[in-house]
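Descriptive structure summary
Listed below are the residues making up each chain.
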Amino acid sequence: RAKASIATDACFYEEEMDKTVRLRRRMVKELRTAIDRGEFSLHWQVQESVGTGAITGYEALLRWTRADGSSVSPANFIPLAEQSGLILAIGEWVLRTACATAASWAEPHRIAVNLSPVQLGHVDLPRLVQQVLLDTGLSPARLELEITETAMIADPVRTIHILRQLKAIGVSVAMDDFGTGYSSLSTLRSFPFDKIKLDRSFMAELNGAPQSAAIVRAVLTLGESLDIPVLAEGVETPEQLAFLREQGCDEAQGYLLGRPGPLPVRGRDGPERLAG
Ligand code: C2E
Ligand code: MG
Ligand code: MG
Ligand code: MG
């Protein structure tokens, strides 16, 4: 009887696997036509100076709403887009749309655009970026590109070369989700980053795990000694912001300051902000 039950479990497991594979295939198929159908849009999330509260920029975050009105999180579809190679077309759409949109804003805020490591490996990025800036008229100084540690590990020599070319154009580069991968002091030193974005998991753990406060302090010290500003992601509470201010963190981003939305507006404007 035990044997039969194991067989049934295995069968059930296989069926579930088939279902997952089918769902993923369907999603890739839908992703393939998403650009043409106009199903992508960008949301913007404010970034600000911890010391002064001044707006320092807006991060562009990709949103996918399918024809039936359902939306899929980028955390779910970006990996699929990367595996299928579709990220190259999608990433170019994001870059163009972000730059064109920002160029039309009344206020010349800086924007941050996420790049996939796949884009770094397969496209002549410096050329693409230069072309997009030319086409949209956005000043290079207004564009920051966010790159995660994965890109550095995959091909460090090539990545350093690309980053240098990008910086020569006049755009800046930020290391995204810092602390979740394998980068060390020497990694940071050898890559010409203009900003370190501390992963939001450290903010989330600030109250619970005492080591998190120590890690945040260590990263701030690291940034200070390398002369690279640090932005803390995922700031949700006034207590977290107060801690960052106390520790001398440069910039912050998170639901407390503003949720991502279709327009570049700050979430804290209004009476509460003035009171706080
Ligand atoms: P990311 O680049 O680290 O972006 C920050 C993510 O944290 C966003 O999730 C944002 O909505 C979320 N977030 C911001 N503040 C808070 C907060 O206070 N609390 C919490 N819990 N979350 C907060 P989102 O938009 O779902 O994007 C997830 C990831 O998908 C991004 O992480 C980025 O890695 C990727 N992604 C988004 N748009 C693009 C894109 O255009 N291209 C590429 N290659 N990746 C993208
Ligand atoms: Mg990012
Ligand atoms: Mg991040
Ligand atoms: Mg992230």
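Now for a quick tour of the structure. (Residues numbered from 1 in each chain as written. Chains lettered and ligands numbered in written order. Predicted model: local features only at pLDDT ≥ 70, side-chain atom pairs only at ≥ 80, totals over all residues. Heavy atoms only, no water.)

1. Observations regarding the site of ligand 1
In the region of ligand 1, 22 residues are neighbours, and Arg 63, Asp 176, Arg 200, Glu 236 and Tyr 255 sit closest. Contact between ligand 1 and Gln 45: a nitrogen atom at 3.0 Å from a side-chain N or O atom of the residue. A distance of 2.9 Å separates an oxygen atom of ligand 1 from a polar side-chain atom of Asn 114. A total of 790 Å² of accessible area belongs to ligand 1 in isolation, and the protein chains cover 84% of it. (Near = heavy atom within 4 Å. Polar contact = N/O pair within 3.5 Å; in protein donor to acceptor, adjacent residues only side chain to side chain. Areas by Shrake-Rupley, 256 points an atom, 1.4 Å probe, with all protein chains shown as cover.)

2. Let's talk about the coordination of the magnesium ion (ligand 2)
Six octahedral donors at a metal ideally form angles of 90 or 180 degrees, and four tetrahedral donors ideally form angles of 109.5 degrees. Coordination of the magnesium ion (ligand 2) by the protein is provided by Glu 59 (OE), Asn 114 (OD1), Glu 146 (OE) and Asp 176 (OD), with metal-donor distances spanning 2.0 to 2.2 Å. For the pair the magnesium ion (ligand 2) and the magnesium ion (ligand 3), the metal-to-metal distance amounts to 3.9 Å, and Asp 176 bridges them. Within this pair, whereas Glu 59 is found in strand β2 (residues 55–65), its partner Glu 146 is found in strand β5 (residues 143–148), the two being separated by 87 residues in sequence. For the pair Glu 59 and Glu 146, one class covers both residues: buried. (Donors = N, O, S within 2.8 Å, 3.2 Å for Na, K, Ca; no water. Helix = DSSP H or I, 4+ residues; strand = E, 2+ residues; numbered from the N terminus. Buried < 20%, exposed > 50% of the residue type's maximum accessible area, 1.4 Å probe, protein only.)

3. Quick notes on the packing of aromatic side chains
All chains considered together, the criterion is met by seven aromatic pairs. Between the aromatic rings of Tyr 58 and Trp 105, the centroid separation amounts to 6.0 Å while the plane-to-plane angle is 75°, which identifies the pairing as edge-to-face. With Tyr 58 in strand β2 and Trp 105 in the loop between α3 (87–104) and β4 (111–114), the pair connects residues that are 47 residues apart, well separated along the chain. Accessibility expressed as a relative area gives 1% for Tyr 58, which makes it buried. Assessed through its relative accessible area of 14%, Trp 105 is described here as buried. (Phe/Tyr/Trp six-rings, centres within 6.5 Å; stacked < 30°, edge-to-face > 60°.)

4. Focus: the layout of surface pockets
As a volume, the largest pocket reaches approximately 1,200 Å³. If you trace the largest pocket, you find 41 residues lining it, with Glu 59, Leu 61, Asn 114, Asp 176 and Asp 177 closest to the centre. Every element with two or more residues in the lining of the largest pocket is listed here: β1 (40–49), β2, α2 (74–84), α3, α4 (117–122), β5, α6 (149–154) and β6 (172–178). Counted by class, the lining of the largest pocket contains 17 nonpolar, 13 polar and eleven charged residues. (1 Å grid on protein atoms, 1.4 Å probe; cavity = no way out; pocket = protein on both sides within 12 Å on 5 of 7 lines; lining within 4 Å. Points joined across faces, edges and corners; volume = space filled by probe spheres on them. Nonpolar A, V, L, I, M, F, W, Y, C, P; charged D, E, K, R; others polar.)

5. Points about the environment of Glu 239
Within the fold, Glu 239 resides in helix α11 (residues 238–247). Of the residues examined, Glu 239 reaches a relative accessible area of 54% and is grouped as exposed. For Glu 239 and Leu 206, which are 33 residues apart along the polypeptide, the C-alpha to C-alpha distance reads 9.6 Å.

6. Describing α11
Count 3.6 residues to each turn of an α-helix, and residues three or four apart come out pointing the same way. Looking at α11, one finds that the buried residues are Gln 240, Leu 241, Phe 243 and Leu 244. Take α11 and look down its axis: the buried residues cluster within an arc of 160°, on one side only. Projecting away from the buried face of α11 at angles above 90 degrees are the exposed residues Pro 238, Glu 239 and Glu 246. Looking at the buried positions of α11, the neighbouring elements they touch are α9 (201–204), α10 (210–226), β8 (230–232) and β9 (251–252). Just downstream of α11 lies Gly 248, where phi reads positive at about 80°. (Arc of directions from axis to C-beta. Contact = heavy atoms within 4.5 Å.)

7. Here we look at unusual backbone geometry
Positive phi outside glycine occurs at Asp 177, with the angle close to 55°. Mapping Asp 177 onto the fold places it in strand β6. Judged by its relative accessible area of 25%, Asp 177 is partly exposed.

8. Some remarks on the packing of helix α5 (residues 125–136) against helix α7 (residues 156–169)
Interhelical geometry of α5 versus α7 gives an angle of 20° and a closest axis separation of 9 Å. Taken together, the axis directions place α5 and α7 in an arrangement best described as roughly parallel. In the packing of α5 onto α7, the handedness of the crossing is right-handed. Counted together, Leu 125, Pro 126, Val 129, Gln 130 and Leu 133 of α5 and Ile 162, Gln 165, Leu 166 and Ile 169 of α7 form the full contact between these two elements. Residue composition of the contact of α5 with α7, grouped by class: seven nonpolar, two polar and no charged. (Axes fitted to C-alpha atoms, helices over the stretch in contact; angles between N-to-C directions. Parallel < 35°, antiparallel > 145°, perpendicular 65-115°, else oblique. Left-handed = near helix turned anticlockwise from the far one by under 90°.)

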